[in-house]
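This is what each chain is made of:
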Amino acid sequence: MNNPCDYLWFIPSGGDGHHLVNSGVRSVRGSARTPDIDYLALVARVAEQAGFDGAMLPTGLTTEDAWLVASMLTADTRRLVLLVSARPGLELPTTFAQKAATLQRLSDGRLAVHIVNGGNSDEQRGYGDFLDHDQRYARSGEFLDVVRRVWAGGPLRHAGAHYLVDSPGLPAGHTEAPPVWFGGASDAALRVSAAHADVHTLWGETPPMVAERLAALRAHTARPLDTALRIHVIARATEAAAWDEAERLLRAVPQSLIDVAQRQLARSESVGQQRMRGLHRGRTVRRVRDLEVHPNIWSGVGLVRGGAGTAIVGSHAQVAERMSEYRAVGVNRFILSGYPNLEEAREVGEHVLPRVRGERLAA
């Protein structure tokens, strides 16, 4: 793989703010900071200055287009790797491969692609995609097979269940291929990752649960495959201050919004999403730490947010310790975020990254 990319931040292209209701769940979105390019570029620059290796750009009906945002952010950053999320089925694998190769060249090798299968048929139909969960994974595997062959260069003939290609070769073959990240918790997802990915991504379950997931992944392949954990962070100088912030975030969310979000998330076909919901079970809580499912691992984000629904909550040292615990069970990389992403990138970059990298802290 080209650029090392161990610690990534998050570009909030669906909006940002100080509240958990800034969410990917439709009808629950509320943002104090709209995702205009000036703000997104500022988050990217701060993440770069704070020491992050890269930044993830999400995909979905509630976000700005990841490719277009990434192409603009290349001009505002110098070394940050841009992890662009994209969904097979919304474009041909040949055009995807050519577009990725273009951005890889123009960014001087700072592109990685995160393939998202899509875990909700309602959302997929909004894009015009009517395949079911397992059919989408089968298509993703074929999609990546074609993309890899385009990047390898030369003529390409392919006749599969989802794609037909008869090409003399595309300019994409003259560019170093960007790393492919792929996620999912189902057996179908693990098979695709094992066959095609450079990095397998997971949402932030507890370390024992992550260890179980990684063992299942290793059962599908003997080849080296890096793993990345997608999780939020609430890091403060003291543990008490961090939990106070988690309390503030939780109390700002009306129960009515939690109920709406949980009804929507219950319809998801994603195995990973259902595992996230299983951590908190949608319950009403009296104390913020009722949702602590492992030391410093808080499931409260998932009450209103689809996708990654946990946060590491604690002092700077405790957050670093939990990240080290994830590393001990096999996680190689981290995709982190916070509320809001601008201020939290600085907090985590200045006070947590040096600890996990073993750097000497400033006095």
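You'll find the structure just up there.
Just so you know, these numbers come straight off a predicted model, no measurement behind them.

(A) Summary view of the packing of helix H5 (residues 133-152) against helix H6 (residues 187-196). Where H5 meets H6, the closest approach of the two axes is 9 Å, and the angle between their N-to-C directions is 5°. Taken together, the axes of H5 and H6 lie roughly parallel to each other. Residues Asp-134, Tyr-137, Ser-140, Gly-141, Leu-144, Asp-145 and Arg-148 of H5 form the contact with H6, whose own contacting residues are Ala-188, Ala-189, Val-192 and His-196. Residues of the contact of H5 with H6, tallied by class, amount to five nonpolar, three polar and three charged.

(B) Structural detail: the side chain of Gln-318. Its place among the elements puts Gln-318 in helix H11 (residues 316-328). Beyond its immediate chain neighbours, meaning those up to four positions away, Gln-318 contacts Glu-239 and Asn-296.

(C) Just the pairing of strand S7 (residues 180-183), in detail. A two-sided burial pattern is seen for S7, the buried positions comprising Val-180 and Phe-182 on one face and Trp-181 and Gly-183 on the other. Of the strand pairs in this sheet, strand S4 (residues 111-115) and S7 are connected by three bridges, and their pairing is parallel. Looking at S7, one finds that Val-113 is bridged to Val-180. Bridge count between S7 and strand S8 (residues 199-203): three bridges; the pairing is parallel. Note on S8: the bridge partner recorded for Gly-183 is Thr-201. What joins S7 to S8 is H6, and the crossover it makes is right-handed.

(D) Broad picture of helix H9 (residues 255-266). Between its first and last C-alpha atoms H9 spans 16 Å; for 12 residues at 1.5 Å apiece the expected length is 16 Å, and the two agree. Residues of H9 that are buried include every one of Ile-258, Ala-261, Gln-262, Gln-264 and Leu-265, and no others. Across the axial projection of H9, the buried residues extend over an arc of 160°, all falling on one side. Buried residues in H9 make contact with helix H10 (271-280).

(E) Seen up close, the pairing of strand S2 (residues 54-57). Residues Gly-54 and Met-56 line one face of S2 and the alternating positions Ala-55 and Leu-57 line the opposite face, and both faces are buried. Where strand S1 (residues 7-10) lies against S2, three bridges are found, and the strand directions are parallel. Note on S2: the bridge partner recorded for Leu-8 is Gly-54. As judged from the four bridges shared by S2 and strand S3 (residues 81-86), these two strands associate in the parallel manner. Residue pairing in the sheet places Ala-55 in a bridge with Leu-82 of S3. Considered for its hand, the β-α-β crossover made up of S2, helix H2 (residues 66-73) and S3 is right-handed.

(F) Structural detail: the packing of helix H1 (residues 37-49) against helix H12 (residues 341-351). Direction vectors running N to C along H1 and H12 enclose 5°, while the axes themselves pass 9 Å from each other. It follows that H1 is roughly parallel to H12 by the angle criterion. Across from Tyr-39, Leu-42, Val-43, Val-46, Ala-47 and Gln-49 in H1, the residues of H12 making contact are Asn-341, Leu-342, Ala-345 and Arg-346. Residues belonging to the contact of H1 with H12 are distributed by class as follows: seven nonpolar, two polar and one charged.

(G) Structural detail: the nonpolar core. If you look at the biggest cluster of nonpolar residues, it comprises 73 residues, and the most contacted ones within it are Phe-52, Trp-67, Phe-96, Trp-151, Met-323, Tyr-326 and Leu-336. Once residues within four sequence positions are removed from consideration, Leu-336 is found in contact with Leu-8, Trp-9, Phe-10, Phe-52, Arg-230, Ile-231, Val-233, Met-323 and Val-348. By size, the runner-up hydrophobic cluster in this structure holds 20 residues, among which are Val-21, Ala-246, Ala-261 and Val-288.

(H) Spotlight on unusual backbone geometry. Between Tyr-339 and Pro-340 the backbone carries a cis peptide bond, its omega angle lying at -5°. For Pro-340, the position within the fold is in the loop between strand S13 (333-337) and H12. At Asp-108, a residue that is not glycine, the phi angle is positive and equals roughly 60°. Its location among the elements puts Asp-108 in the loop between helix H3 (93-106) and S4.

Cut-off values and rules
Residues numbered from 1 in each chain as written. Predicted model: local features only at pLDDT ≥ 70, side-chain atom pairs only at ≥ 80, totals over all residues. Heavy atoms only, no water. Axes fitted to C-alpha atoms, helices over the stretch in contact; angles between N-to-C directions. Helix = DSSP H or I, 4+ residues; strand = E, 2+ residues; numbered from the N terminus. Parallel < 35°, antiparallel > 145°, perpendicular 65-115°, else oblique. Contact = heavy atoms within 4.5 Å. Nonpolar A, V, L, I, M, F, W, Y, C, P; charged D, E, K, R; others polar. Buried < 20%, exposed > 50% of the residue type's maximum accessible area, 1.4 Å probe, protein only. Pairing = 2+ DSSP bridges. Right-handed = clockwise from strand over helix to strand, strands pointing away. Expected span 1.5 Å × (residues − 1). Arc of directions from axis to C-beta. Core = buried A, V, L, I, M, F, W, Y, C linked by side-chain atoms within 4.5 Å.

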